[in-house]
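Remarks on the overall topology
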Amino acid sequence: MEKRSQWGTRAGFILAAMGSAIGLGNIWRFPAVAYENGGGAFFIPYLFALLTAGIPLLILEFTIGHKYRGSAPLSFFRMNKKTEWLGWWAVLVSFVISTYYAVIIAWAISYSYFAFNLSWGQDTESFLFSDYLNLSVDPGQTGSLVPGVFFPLLIVWLITLGVLFKGVKKGIEAANKIFIPTLIVLFLIIVLRAITLPGAAEGLQTFFAPNFETITNGSVWVAAYGQIFFSLSIAFAIMITYSSYLPKKSDITNNAFITGFGNSSFELLAGIGVFGALGFMAQQSGVGVSEVVSGGVGLAFVVFPQIINEMPALNGLFGFLFFLSLVLAGLSSLISISETYIAGIKEKLGISRTAAVGMGGGLAALISVLFATQGGLFFLDAADYFINQFGVAFVGLVEVVVVAWFLRKLNDFQDHANAISDIRLGSWWKISLGIITPVVLGYMMFDLFKQNLLRQFDSPTGNYEGYADTFILFGGWFVAAFALVVGFLLTFKRWHSSSL
Ligand code: MET
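Okay, so let's go over this structure. (Residues numbered from 1 in each chain as written. Predicted model: local features only at pLDDT ≥ 70, side-chain atom pairs only at ≥ 80, totals over all residues. Heavy atoms only, no water.)

**Looking at the overall build of the chain**
Along the chain, the regular secondary structure elements total 19 helices and zero strands. At 22 Å, the chain has a C-alpha radius of gyration in line with the 23 Å of a compact globule built from 500 residues. For the chain, the C-alpha atoms occupy an extent of roughly 65 × 55 × 50 Å along the three principal directions. Restricting the contact set of the chain to residue pairs at least 6 apart, pairs at least 24 apart contribute 84%. Approximately 18800 Å² of the chain is accessible, and the part contributed by carbon and sulfur atoms is 65%. (Helix = DSSP H or I, 4+ residues; strand = E, 2+ residues; numbered from the N terminus. Rg over C-alpha atoms; globule rule 2.2 N^0.38 Å. Contact = heavy atoms within 4.5 Å. Areas by Shrake-Rupley, 256 points an atom, 1.4 Å probe, with all protein chains shown as cover.)

Rendered as structure tokens:
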């Protein structure tokens, strides 16, 4: 058997895990999710989800990777020959996500360039959709390739696959050692600037003002769990893959706490920075903060350019730093998500890392070109919604049910983690994974299926985003089903003898 690659240092592993966790989800997703779900009061479900699902699952995935020392499919195969498919599910979900995640980073590259002379002009919305994305087709149609997205996308893949070619220590670890400290410094500068803008206090007040009524609402809890899963890169096969490169003598539990709290601190920082800036924006345009809040694409690529336009000085530089930080946060996450399938096929087929990067990364890059077309944004939006809900959250649920209920591995894993870690796991960990997480995620899946399936038939609310049935079927359900079906099929191919 070939000697397994390893991280060079403990800090290298932690930086890589944090690099994966800190991503677009922290900067553009968290602030809006928190705001929409009760502002300050959202911290209660959020902290609950972090402590009962986020960190316990992170510890579980670190333990699985460390104990079985393989990519997610190989680790699940070694855990029990019948559960290999679960590893492939997570890998395939990650594969799909990587194809469009890369495109958002490409937009951020373009925007860091546009920032210099504020070329997005005053109407930032029409600039994004008409001038930049050239979105002039109906959902489901591709139209032609948009060169302004395609070329930065090429850069994204060149960097990502270049890092992955170099391997675990010289590639992933080395890149994160540069990306993450740089990102933290850049982001601190941005946040400091944002909270010292006039009106920032108003924005922060809106962000932190608790609306306690919301916490009795089930959907708020669902949102908190969803955010924790996405943000901590849990159920993506990522953390299993990364921890499979840990040396035998490594801490698990403490590393998981550092990663979890580090990620949440960054998220909170992003919330403060974003709302400080939104407060400024609201004051400039003489409206309430709630009127300028939006999440996702709108926040980063429509509202932020407006804020940058209004800034009193050094607008271009601030804009450049903001989009550069999105690029750095995104790249370190894209690297981690791509490593899941690269490690998976490398071991399954017994091929070299170079061949695996070429095959897996090459295929993902090719598919991602679909999202660089005129209709790309619609495909991206539908794929993102369905793969997150029916991919990530679903895999997370199946993972805890299989490990805790069917294979009854929690005692075994607890002993494994305790034997090498500073912090000892007690009943908190087993209750979280054996009872709380499956119950909450089970409810969450039930509710989601109900919303998305039933409304196809008898509800006036219509499809997600009002998309046509055929588009939802092919652009949404099929994408999620593809990941799960292909994951199953891959188990029929035998492992190359060098991996066993
Ligand atoms: N944790 C990442 C984020 O917050 C997502 C998973 S890795 C692509 O953006």
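**Observations regarding the environment of Ile104**
Counting through the fold element by element, Ile104 comes out in helix α5 (residues 84-114). Note on Ile104: relative accessible area 4%, which makes it buried. Separated by 233 residues in the primary sequence, Ile104 and Ile337 have C-alpha atoms spaced 14 Å apart. Ignoring any residue separated from it by four or fewer positions in sequence, one finds Ile104 in contact with Leu24, Trp28, Phe301 and Leu380. (Buried < 20%, exposed > 50% of the residue type's maximum accessible area, 1.4 Å probe, protein only.)

**A look at the packing of helix α2 (residues 24-36) against helix α10 (residues 218-231)**
The geometry of α2 relative to α10 is characterised by a closest axis approach of 11 Å and an angle of 175 degrees between their N-to-C directions. Taken together, the axes of α2 and α10 are roughly antiparallel relative to one another. Contacts from Gly25, Asn26, Arg29, Phe30 and Val33 in α2 reach Ala223, Gly226, Gln227, Phe230 and Ser231 in α10. Grouping the constituent residues of the contact of α2 with α10 by class yields four nonpolar, five polar and one charged. (Axes fitted to C-alpha atoms, helices over the stretch in contact; angles between N-to-C directions. Parallel < 35°, antiparallel > 145°, perpendicular 65-115°, else oblique. Nonpolar A, V, L, I, M, F, W, Y, C, P; charged D, E, K, R; others polar.)

**Looking at the packing of helix α16 (residues 376-406) against helix α19 (residues 469-490)**
Contact geometry of α16 with α19 gives a least axis separation of 8 Å together with a crossing angle of 40 degrees. What the angle tells us is that α16 and α19 run oblique. The element α16 and its partner α19 pack so that their crossing is right-handed. Together, Phe378, Phe379, Ala382, Ala383, Phe386, Ile387, Phe390 and Phe394 of α16 and Phe471, Ile472, Gly475, Gly476, Trp477, Val479, Ala480, Ala483 and Leu484 of α19 make up the contact between the two elements. Split into classes, the residues belonging to the contact of α16 with α19 amount to 15 nonpolar, two polar and no charged. (Left-handed = near helix turned anticlockwise from the far one by under 90°.)

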